[in-house]
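If you want the building blocks of each chain, they are given just below.
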Amino acid sequence: MTLADITIQLLNGLAGASSLFLVAAGLSLIFGVTRIVNFAHGSLFMLGVYIAYSLTDQFGRGSPLAFWSCVLAAGVAVGVIGFVVEILLLRRIYQAPELFQLLATFGLVLVIKDVVLKLWGPEDLLGPRAPGLRGAVQVMGKSFPEYDLVLIAVGPIMLGLIWLVLNRTRWGVLVRAATQDRDMVGALGVNQAWLFTGVFALGSFLAGLGGALQVPREPAQLFLDITVISDAFVVVVVGGLGSIPGAFLAALLIGVIKAFCIGIGDVQAFGTTFSFSKFTLVVEFVVMAIVLVIRPWGLLGKPAGEPRHTAATEAPLKPLPGWLVLGFAGLGAALLVLPVFTQSYLLILLIDVFVFALFAASLHFLMGPAGMVSFGHAAYLGIGAYAAALMVLRAGIPMEATLALGPLAAALGALLFGWFVVRLSGVYLAMLTLAFAQIVWSIAFQWDGFTGGSNGLIGIWPPAWAAEKEAFYHLSLVLCAAGLLALRHIIFAPFGAILRAGRDSPLRADAIGIDLRRHQWFAFTLVGAFAGLAGVLHVFSKGSISPETLGIARSVDGLVMVLLGGVQTLTGPVVGAGVFIFLQDEIARRVEFWRAILGLVIIVLVLAFPQGIVGFLRGRFMRAAA
Amino acid sequence: MSVLAVRDLAKAFGGVQAVRDISFAVDSGELLALIGPNGAGKTTCFNMLNGQLRPDHGSVTLDGREITGLKPRAVWRLGVGRTFQITATFGSMTVRENVQIALISHHRRAFSFWPRARDLYGAEADALLARVGMAEQADRPAAVLAYGDLKRLELAVALANAPRLLLMDEPTAGMAPKERVELMALVAGIVRAEGIAVLFTEHDMDVVFAHADRIIVLNRGELIADGKPDAVRADPRVQQVYLGGGSTFGHAG
């Protein structure tokens, strides 16, 4: 690379960093004050892109003033949307457990995606270029778009403006105070509701503005929400949660590194070709993993103050009453004989339910008893599935052996990643699991020669004895039920009890001789194996596998199932998986905009049952019994 | 031989010498109070004994065995129980389960996967709870206990590994006066009966003079007194520290 190349890539990186910074700054502000991890922030960005597209396309072609007014108006429009969302939805769930807020914002992601699809259609839309900035300037003999130069300036300008608002206005002082200790701010007589609303609207405005600024550079696309939210998460976490300068620094760092990876392209070394441009898909996650291991609070972050009022402590676990044990045994028996009476479509659906019940239960084991929320649990489902598929296709290993070897592979993956993961806690831990999942995903996605790349692998069928749907149904039922019972048993066994103890009070656990980190590491590995088993069954039931199996969306599905059922109950994840799979199937078959319906159902469930479905039922039952 | 022996223990944070070269010992069955004004170095000293801080130099021995610089959980394995200034218990478990967890760890069954935790060491747990007067509350969730009862539960947990030494950080902080006296009387009874050594820090001088066998006084990281309650009460340097002059006003004029 020449010096000129390096300069151009540096400028490219800086231009890309500005939008990223705006989105991340909004996310960081919202998290700092409301403690809500806003999954819908990428969707707000996407709305900004689409709204700005329509506005500039209609009114913004004439003069620079018209164009920039349109961009600003798009940001304001998204800010207003955020304002409405906060009042209608989030305000009602600040008292709910943190994870439920996450689930609600994920419901929003689904709704917004379908709204955008309905209003703007599935095609990519390329907006007009900015009037007066259509040309390029020469930088060291190379041309560089004028518009990008302006973008480079926008980042620091917005950083300065946000700094002014936070440091020179009364409102900004309240926001900073609330970031440090929102209970104290409330105790001092500040109306928290309006403070939260204001912050959410400002954060939404920044996301919308970040999106609007991208219109002349790249087309409006429907998958922007997920790519942007993961980028923004990375930036916020690398910079330090709640730190605006940290977000700016991290955005610059990641923007520049990404631009360089694209600029370097393919490199020949040691006889093979290493593609740096493909590396861009994961480079930010690699950066995040490194930063989190070295500086667990991000570059400029500080350990967050613990909230004083966490969700109500779980009631002590009790073995199920006899009638419920009988009930479950009856249900199991009914499921065993079901194939005699029914057609195969229901069986296929039920296999999915079994597989995802096991997957959700393994995630629940981490989130509930072990106290570690994973945003990337699909990685272990996927490793198990890919391991089995590759063994069958490349080495001719029979399915029976992969039922043991697949989970083993997933456990090894979890063993490796878990070593890093258990060194963190809370949101940082969740983000690191997301980073590892993304790395696994990109390996599966890009290693065309081995994993089949984006097409995945096909032709992975069970051997003759299990090829019939009924036989495979029984196999799945027995193995998943065994897995669920094993997980449940471990929660009550000394190993699981010690995990729960460590979640309740790490200080006390340490003081009675427990090496909690080692315990959690082992638990992480163990649930990896169970998720891997679910993955193996999944791949043989479908006959094929693609990188989607371990994508972010699948990890989020798992979270939704666990939270729908209720994280403080042991049967919750099973019920959640069942409800989720049936809802998805029912809605997807009947309606075009099934995502929006699913999202609305999730939001309604969150508002109606903040303890999850099973938690709600248990609460009703206990009240009735009292 | 003393259960706990501390020699020339020192710790500095940056330029501040938090604890400088202090030495003392605690005998079996003895309650030793560690007192001193705020910032005297009590907490630093405590955290070096329980393994949370590594001293700059000096040695800590338990029954003649060097424990300096060991991790808290290793210190516990050697027979040191702890209670915290703000109680740390397992809120999602019953009172009995809290004690059972400590017993499971003590018996090295933490990585056991087969039995149910609630079926292990139930009788032992009940016996410990009976000793601190918590037997009737064994089935209640720890999360709903009154603060005084939480302190007693913590004591039962701390006794689970049959410790040689109990380290109690402000054992009566946050309690009503009557409860304070009851709790310390309970502790004193148990440790004298079983020959456990106790080192405790305390702000409440009524508790200290009512129950401590011996008192050591820290001021600005230095040990300024070590003796029976009456001797310490009469010590002019201690009076200066607590009643004026000394650290607060010494350099004002």
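Residues numbered from 1 in each chain as written. Chains lettered and ligands numbered in written order. Predicted model: local features only at pLDDT ≥ 70, side-chain atom pairs only at ≥ 80, totals over all residues. Heavy atoms only, no water.

Peer 1: What's the story with the overall build of chain A in this structure? I'm lost.
Peer 2: A count of helices and strands for chain A gives 25 helices and 6 strands. For 626 residues, the compact-globule estimate of 2.2 N^0.38 gives 25 Å, and the C-alpha radius of gyration of chain A, at 25 Å, lies within 12% of that figure. The principal-axis extent of the C-alpha atoms belonging to chain A is close to 75 × 65 × 55 Å. Taken over 626 residues, chain A has a buried fraction of 56%. Put simply, of all contacts in chain A between residues at least 6 apart along the chain, 79% involve residues at least 24 apart. For chain A, the accessible surface area stands at approximately 25000 Å², while carbon and sulfur atoms represent 68% of it. Charged side chains of chain A number 37 positive and 31 negative; the gap between the two group centres comes to 8 Å. (Helix = DSSP H or I, 4+ residues; strand = E, 2+ residues; numbered from the N terminus. Rg over C-alpha atoms; globule rule 2.2 N^0.38 Å. Buried < 20%, exposed > 50% of the residue type's maximum accessible area, 1.4 Å probe, protein only. Contact = heavy atoms within 4.5 Å. Areas by Shrake-Rupley, 256 points an atom, 1.4 Å probe, with all protein chains shown as cover. Lys, Arg positive; Asp, Glu negative; His and termini not counted. Charge placed at Lys NZ, Arg CZ, Asp CG, Glu CD.)

Peer 1: What exactly am I supposed to notice about a nonpolar patch on the surface here?
Peer 2: Residues and elements named next belong to chain A. On the surface, Leu72, Val76, Val80, Phe83, Val84, Leu88 and Trp194 cluster together into a nonpolar patch covering about 640 Å² of accessible area. With 6 residues, helix H3 (residues 64-88) is the largest single contributor of residues to the nonpolar patch. By secondary structure assignment, the location of valine 84 is in helix H3. (Patch = residues over 30% accessible without salt bridge, like charges linked within 9 Å, V, L, I, M, F, W, Y side chains within 5 Å. Salt bridge = Lys/Arg side-chain N within 4 Å of Asp/Glu carboxyl O.)

Peer 1: Could you clarify how one ought to interpret the interface of chain B and chain A in this entry?
Peer 2: Accessible area lost upon the coming together of the parts serves often as the stated size of an interface. Contacts between the two partners involve 35 residues from chain B, matched on the other side by 33 residues from chain A. For the chain B and chain A pair, buried surface summed over both sides reaches about 3000 Å², with 67% attributable to carbon and sulfur atoms. By the criterion of area lost to chain A, the three top residues of chain B are Arg73, Ser92 and Phe113 of chain B, representing 23% of everything that side buries. On inspection of chain B and its partner chain A, the count reaches 3 salt bridges. Across the pair arginine 73 of chain B and aspartate 515 of chain A runs a salt bridge whose closest N-O atoms are separated by 3.3 Å. At the boundary of chain B and chain A, one finds 15 residue pairs in polar contact (both at pLDDT 80 or more). (Buried area = accessible area lost by both parts, 1.4 Å probe. Polar contact = N/O pair within 3.5 Å; in protein donor to acceptor, adjacent residues only side chain to side chain.)

Peer 1: Which parts of the structure should I look at to understand the pattern of salt bridges?
Peer 2: Charged atoms that come close allow side chains of opposite charge to pair. Applying the stated criterion to the full structure yields 28 salt bridges over all chains. One connected set of salt bridges, linked through shared partners, spans Asp585, Glu586, Arg589 and Arg590 of chain A.

Peer 1: Hey, could you run me through the domain arrangement of chain B in this one?
Peer 2: All names here are of chain B. Here chain B is partitioned into domain 1 (1-79 + 163-253) and domain 2 (90-162). Using only C-alpha atoms to locate each centre, domain 1 and domain 2 end up separated by 27 Å. With 19 residues of domain 1 in contact, the opposing surface of domain 2 contributes 15 residues. Contact between domain 1 and domain 2 buries roughly 1400 Å² in total, counting both sides, with carbon and sulfur atoms accounting for 61%. Ranking the residues of domain 1 by area buried against domain 2 places Trp76, Arg77 and Pro163 at the top, with a combined share of 40%. Inspection of the region where domain 1 meets domain 2 yields 1 salt bridge. Salt-bridge contacts for arginine 131 lead to glutamate 194; the nearest nitrogen and oxygen are separated by 2.3 Å. Applying the counting rule to domain 1 against domain 2 returns 4 residue pairs in polar contact (both at pLDDT 80 or more). Taken together, the elements giving at least two residues each to the side of domain 1 that touches domain 2 come down to helix H2 (72-77), strand E7 (165-169) and helix H6 (177-194). Split by residue class, the side of domain 1 that touches domain 2 holds 12 nonpolar, 2 polar and 5 charged. (Domains from an automatic or database assignment. Nonpolar A, V, L, I, M, F, W, Y, C, P; charged D, E, K, R; others polar.)

Peer 1: I'm lost on the packing of helix H14 (residues 399-421) of chain A against helix H21 (residues 516-542) of chain A in this one. Help?
Peer 2: The packing of two helices is summarised by the inter-axis angle and the distance between the axes. All names here are of chain A. It is the contact of H14 with H21, at a shortest axis distance of 7 Å, that shows an interaxial angle of 140 degrees. Considering the relative orientation of H14 and H21, their crossing is right-handed. From H14, Met399, Thr402, Leu403, Gly406, Pro407, Ala410, Ala411, Ala414, Leu415, Gly418, Trp419 and Val421 reach across to H21, where they touch Trp521, Phe524, Thr525, Gly528, Ala529, Gly532, Leu533, Val536, Leu537 and Phe540. Looking at the contact of H14 with H21 residue by residue, the class counts come to 16 nonpolar, 6 polar and no charged. (Axes fitted to C-alpha atoms, helices over the stretch in contact; angles between N-to-C directions. Left-handed = near helix turned anticlockwise from the far one by under 90°.)

Peer 1: Whenever I open this one, the sheet that holds strand E1 (residues 4-13) of chain B confuses me. Can you help?
Peer 2: Strands belonging to one sheet form pairs held by backbone hydrogen bonds; the direction of such a pair is parallel or antiparallel. All names here are of chain B. The antiparallel open sheet is built from 4 strands, whose spatial order is E2-E1-E4-E5. The open sheet is flanked by strand E2 (16-26) and strand E5 (65-66), the only strands paired with a single partner. Taken strand by strand, helix H1 (residues 42-49) contacts E1, E2 and strand E4 (57-62), and its axis lies near 120 degrees from that of E1. (Pairing = 2+ DSSP bridges.)

Peer 1: Any chance you could explain the nonpolar core here in plain terms?
Peer 2: Side chains of a nonpolar character, in soluble globular proteins, are inclined to be buried together. Residue and element names in this part refer to chain A. Judged by nonpolar contacts, the single largest core of 208 residues is most densely connected at Phe21, Phe39, Met288, Met367, Phe375, Tyr380 and Tyr473. If you tally residues by element for this core, the top one is helix H12 (residues 344-367), at 17 residues. Split by domain, the residues of this core number at least three in each of domain 1 (19-267) and domain 2 (351-625). Look past the residues within four positions of phenylalanine 375 in its chain and what remains in contact with it is Phe39, Leu102, Ala430, Met431, Thr433, Leu434, Ser555 and Leu559. (Core = buried A, V, L, I, M, F, W, Y, C linked by side-chain atoms within 4.5 Å.)

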